[in-house]
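# Residue-level structure breakdown
Below, each chain spelled out in residue letters.
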Amino acid sequence: MKRLLLIYLTICIALTIQAQQSIMVKKGDAQSLLDAIQQANTTNADTNAQWFYILIPDGLYDLGERVLTPIKGHHIALIGQSMTGTIVRNAPDRKIEGISKTAVFKNTGSNNYFQDMTIQNALDYYAEDTDGRAVTLHDKGTRTICNRVRLLSYQDTYYSDNEDCQHYFKDSEIHGTVDFICGAGDVWFESCRIVTEKRTKSGEGRCVIAAPRTSKTQWGYVFNHCTIENMVSNFEYARGWHTHPRCTWLYTTLLTPEKLSKTRFDYRGMRTVQNNFKEYATMDAQGRNITPVSNVVTFTLKDEKNPVETILTDQEAKQFKEEKVFADWKPALQVKKIERKAQKLMKRLK
């Protein structure tokens, strides 16, 4: 009898723990979402915690002027119902504008995961009184995965703010105007859609997609099989922020190649003349290879000049593989595992 009671209690405890590892947010209820995140932060304070799933039905989760909602636990998976239907949005007061002040989410945890949602910073970018730096995901953590996530803003849309970080994007979409993918660490973008919005109300000016500041990691930003959709303004792949910026574009599809500047990368350094900017096998919308045979860019900062060949050779391009960039981490495999789990959990919405 005692043994049966012990088995029963063990099963009950196991079921209780399992139930505590997932929570369904109330549809369109921003406070319910915030409460779920707080619960996940508390439950998963340990870096070795089991996965905690936050299930978010389609709807608008309007955070108003709230900024920097913390995600500080570990192994937290925020799973929306669909990439365009589940929308988490804030609209910060322009008085607090700044790259470290406006984000929708601020992640400081490790191994956190976002899937099937839109994160939008609706700060009034085209107003004339400030720069309009409005971050969606300010990531000071490491090994974050974004799978089918749409990030909507203009300047500084995504900020990887950890010198040693490793992050992974898959089948996602990132919108912006200037330096809208910026920061440090090694970040791999797989089959993502990069959308340059209007630089100004009139469409004049130029957009810059990436502004890396790589300091401690080997690879920087790697865009693989991504598509660049250009709205109006001319654009450039990247410019150096500071330190030793690294950015590589592999097998990119340009829907409007005529809008890419002649130098392809911005040669004007912000705080560095050092640049490791590369490109390989760029295609147009019809799949034709439109990569220049050579593209030497002379990066310049005041009186300093640094000429760099930006076109990779076939042999150099072979070095860029996920398993080399993430030698002891397999994010693509992690995506498949969490997708299977999320699919089972999200059946509760049907």
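Residues numbered from 1 in each chain as written. Predicted model: local features only at pLDDT ≥ 70, side-chain atom pairs only at ≥ 80, totals over all residues. Heavy atoms only, no water.

Judged by pairing direction, the sheet is parallel, and its seven strands sit side by side in the order β4-β7-β9-β11-β14-β17-β20 without closing on themselves. Unpaired on one side and paired on the other, β4 (69–71) and β20 (234–238) mark the two borders of the sheet. For this sheet the average axis-to-axis angle between neighbouring strands, irrespective of direction, equals 15°. Bridge count between β4 and strand β7 (residues 105–107): three bridges; the pairing is parallel. (Pairing = 2+ DSSP bridges. Helix = DSSP H or I, 4+ residues; strand = E, 2+ residues; numbered from the N terminus. Axes fitted to C-alpha atoms, helices over the stretch in contact; angles between N-to-C directions.)

Moving on: the state of the cysteines. Applying the stated criterion to the full structure yields zero disulfides. With no disulfide partner, cysteine 165 has as its closest neighbouring cysteine sulfur the one in cysteine 182, 11 Å distant. Cysteine 182 sits in the buried class, given a relative accessible area of 1%. (Disulfide = S-S within 2.5 Å. Buried < 20%, exposed > 50% of the residue type's maximum accessible area, 1.4 Å probe, protein only.)

A few words on the pattern of salt bridges. With the rule as written, the count across this model stands at 17 salt bridges. Among the salt bridges present, the one from glutamate 97 reaches arginine 133, with a minimum N-O distance of 2.6 Å. Here glutamate 97 is found in the loop between β6 (86–90) and β7, whereas its partner arginine 133 is found in the loop between β8 (113–121) and β9 (137–139), with 36 residues between them in sequence. Between aspartate 328 and arginine 143 there is a salt bridge, and its shortest N-O distance comes to 2.8 Å. Linking aspartate 328 in the loop between α4 (322–325) and α5 (331–346) with arginine 143 in the loop between β9 and β10 (144–152), this pair joins segments that are 185 residues apart in sequence. Looking at aspartate 328, the relative accessible area reads 59%, which means it is exposed. Where salt bridges share partners, they join Lys140, Asp161, Glu163 and Arg213 into one cluster. (Salt bridge = Lys/Arg side-chain N within 4 Å of Asp/Glu carboxyl O.)

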